[in-house]
Amino acid sequence: MSGHILIVGAGQAGMQIAVSLRDDGYEGSITLVGEENHAPYQRPPLSKAYLAGEADEESLELRNPDFYVDNKIVVITSEQVESVGWGEEHGIAVTNTGKELPFDKLAIATGADPKPLTCEGGDLDGVLYMRGIDDANALKERWGSIRNIVVIGGGFIGLEVAAVAQKYGKTVTVLHSRDRLMSRAVGPEVSEFFLEAHRKRGTTVHLNTRVNKLHGDSGKVTGVELPDGSVIPADAVMVGIGVSPRSELAEQLGLTTENGAIVVDAFARTSDPRVVASGDVALLPHPLTGERMVMLESVQNAVDQSKVAAKSLLGASEEYHAVPWFWSDQADLKLQMAGLSAGYDQSVLRGNPAEDKFSVLYYKNGRIIAVDAVNDVSDYMAVRRALTAGQTIPADLAADSSVALKTIFAD
């Protein structure tokens, strides 16, 4: 249980690998390297509580500084690993400052970068993204001078930023290129609910809309032009149009990748048994069925998959079978999801969307596979527990909203 393990990426996934290695009894050296000038921290609150001023940088820290000292975890910040390779005796990683980091085994937890806006004007001052603390701070620093903000992208991050901006009295416009909001994550009923909810709270939302170009004055963004020539005033533009996995190091090592992500098995192992990958950079077998490959951009996956990755680094074999779950806070609406609804052939609506409290259960071949719940923790937890236990909830019984789901589990 000795040697040198290098973890590239100091986010939630990389941090969890380091913690799990120590929890599993590893006594060798652990080096955790990240390019940000911050110790490992939580990212989900950035577009919610942190942006709203309800959390500060210290509250986002995953561990206090003493933890790293006590557990002999070397954390290197402000360094980007630019190259990795194997020598005759061990591997060597080289950072942008020329620092050489030897390793016997490697964990890649580099996450993903926001996809950039490529239209004319995409490089203007005031065009912002939301991936790290520095991104959130860049928006907060402008907060007082912003009257009009345009959010490009109707996914979780874009809608969370829109909700906070609306709360603070900004004029908010959301532009989404697809025909419904959050379409990759939720079903049509939930998309429609959030569309109306944001509009009801004062946000303008345009679907099936693309950006022609951005307008600027003296290098600063002033507006967003649509294909019909109309221009929406903008003191800031928040871009949330998806992410690209950071798999450059995997490509240097000749690891198998697909659509830019690192392909791993159910044990978080890459095509090289000396290397594992976890978190947003990994393409993994569906954790409940194994029948297809998926990317899971969530804290839950970063934590649970990284625990499996740590065991694989130590030579153990523990398959990843955790139930995927996600959440999004938008204004006074808490969206909680468990399971993966893609491929469903039946859905059941419970509760009343008009009362801002309901859930949608998704089924495939008669078995429950996922839930989207809005302000309904009990339904969310019931489905999550059922999926964890390998049970189902019969659709005909679930259709009666007066019956608690936890009472109608079926083997």
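Everything quoted here is computed from the prediction, not taken from an experiment.

1. Re the sheet that holds strand β21 (residues 282–285)
Sheet strands pair by backbone hydrogen bonding; their relative direction is either parallel or antiparallel. Reading across the sheet, the 4 strands line up as β18-β19-β21-β22 and stay open at both edges, with mixed pairing between neighbours. A strand with exactly one partner marks an edge of an open sheet, and here the two such strands are β18 (257–258) and β22 (293–294). Here β18 runs beside strand β19 (residues 261–263); their pairing, made up of 2 bridges, is antiparallel. If you follow Thr-257 over to β19, its bridge partner there is Ile-262.

2. Here's the deal with the side chain of His-198
Tracing the sequence through the fold places His-198 in helix α6 (residues 188–200). Note on His-198: relative accessible area 6%, which makes it buried. One polar contact links His-198 to Gln-330, side chain to side chain, over a distance of 2.7 Å.

3. A look at the pattern of salt bridges
Pairing is possible between side chains that carry opposite charge, provided their charged atoms lie close to one another. This model, assessed by the stated rule, comprises 16 salt bridges. The shortest N-O distance in the salt bridge between Glu-196 and Arg-199 comes to 3.8 Å. Here Glu-196 and its partner Arg-199 are both found in helix α6, 3 residues apart, which amounts to about one turn of the helix. Across the pair Lys-364 and Glu-291 runs a salt bridge whose closest N-O atoms are separated by 3.6 Å.

4. Concerning the environment of Arg-210
With respect to the helices, strands and loops of the structure, Arg-210 is situated in the loop between β12 (204–206) and β13 (213–217). Arg-210 sits in the exposed class, given a relative accessible area of 58%. Between the C-alpha atom of Arg-210 and that of Val-186, which follows or precedes it by 24 residues, the distance is 21 Å. With sequence-adjacent residues up to four places away left out, Arg-210 is seen in contact with Ser-177, Leu-226 and Pro-227.

5. As for the packing of helix α1 (residues 12–23) against helix α8 (residues 299–313)
At a closest axis distance of 8 Å, the pairing of α1 and α8 adopts a crossing angle of 40°. Judged by the angle between their axes, α1 and α8 are oblique. Relative to α8, α1 is oriented so that their crossing is right-handed. Judged by residue contacts, Gln-12, Ala-13, Gln-16, Ile-17, Ser-20 and Leu-21 of α1 engage Val-299, Ala-302, Val-303, Ser-306, Lys-307, Ala-309, Ala-310 and Leu-313 from α8. Here the residues of the contact of α1 with α8 are counted per class, giving 9 nonpolar, 4 polar and 1 charged.

6. A look at the sheet that holds strand β16 (residues 236–239)
Strand order in the open sheet formed by 5 strands is β9-β16-β10-β11-β12, with parallel pairing between adjacent strands. Edge strands, defined here as strands with exactly one partner in the open sheet, are β9 (127–128) and β12. Taken together, the 4 bridges between strand β10 (residues 148–152) and β16 define a ladder with parallel strand orientation. The residue bridging Val-150 from the neighbouring strand is Val-237, located in β16. Where helix α5 (residues 156–167) meets the sheet, it contacts β10, β11 (171–175) and β16, and its direction lies at approximately 165° from that of β11.

Calculation notes
Residues numbered from 1 in each chain as written. Predicted model: local features only at pLDDT ≥ 70, side-chain atom pairs only at ≥ 80, totals over all residues. Heavy atoms only, no water. Pairing = 2+ DSSP bridges. Helix = DSSP H or I, 4+ residues; strand = E, 2+ residues; numbered from the N terminus. Buried < 20%, exposed > 50% of the residue type's maximum accessible area, 1.4 Å probe, protein only. Polar contact = N/O pair within 3.5 Å; in protein donor to acceptor, adjacent residues only side chain to side chain. Salt bridge = Lys/Arg side-chain N within 4 Å of Asp/Glu carboxyl O. Contact = heavy atoms within 4.5 Å. Axes fitted to C-alpha atoms, helices over the stretch in contact; angles between N-to-C directions. Parallel < 35°, antiparallel > 145°, perpendicular 65-115°, else oblique. Left-handed = near helix turned anticlockwise from the far one by under 90°. Nonpolar A, V, L, I, M, F, W, Y, C, P; charged D, E, K, R; others polar.

Purely geometric stuff here, so don't read any function into it on its own.
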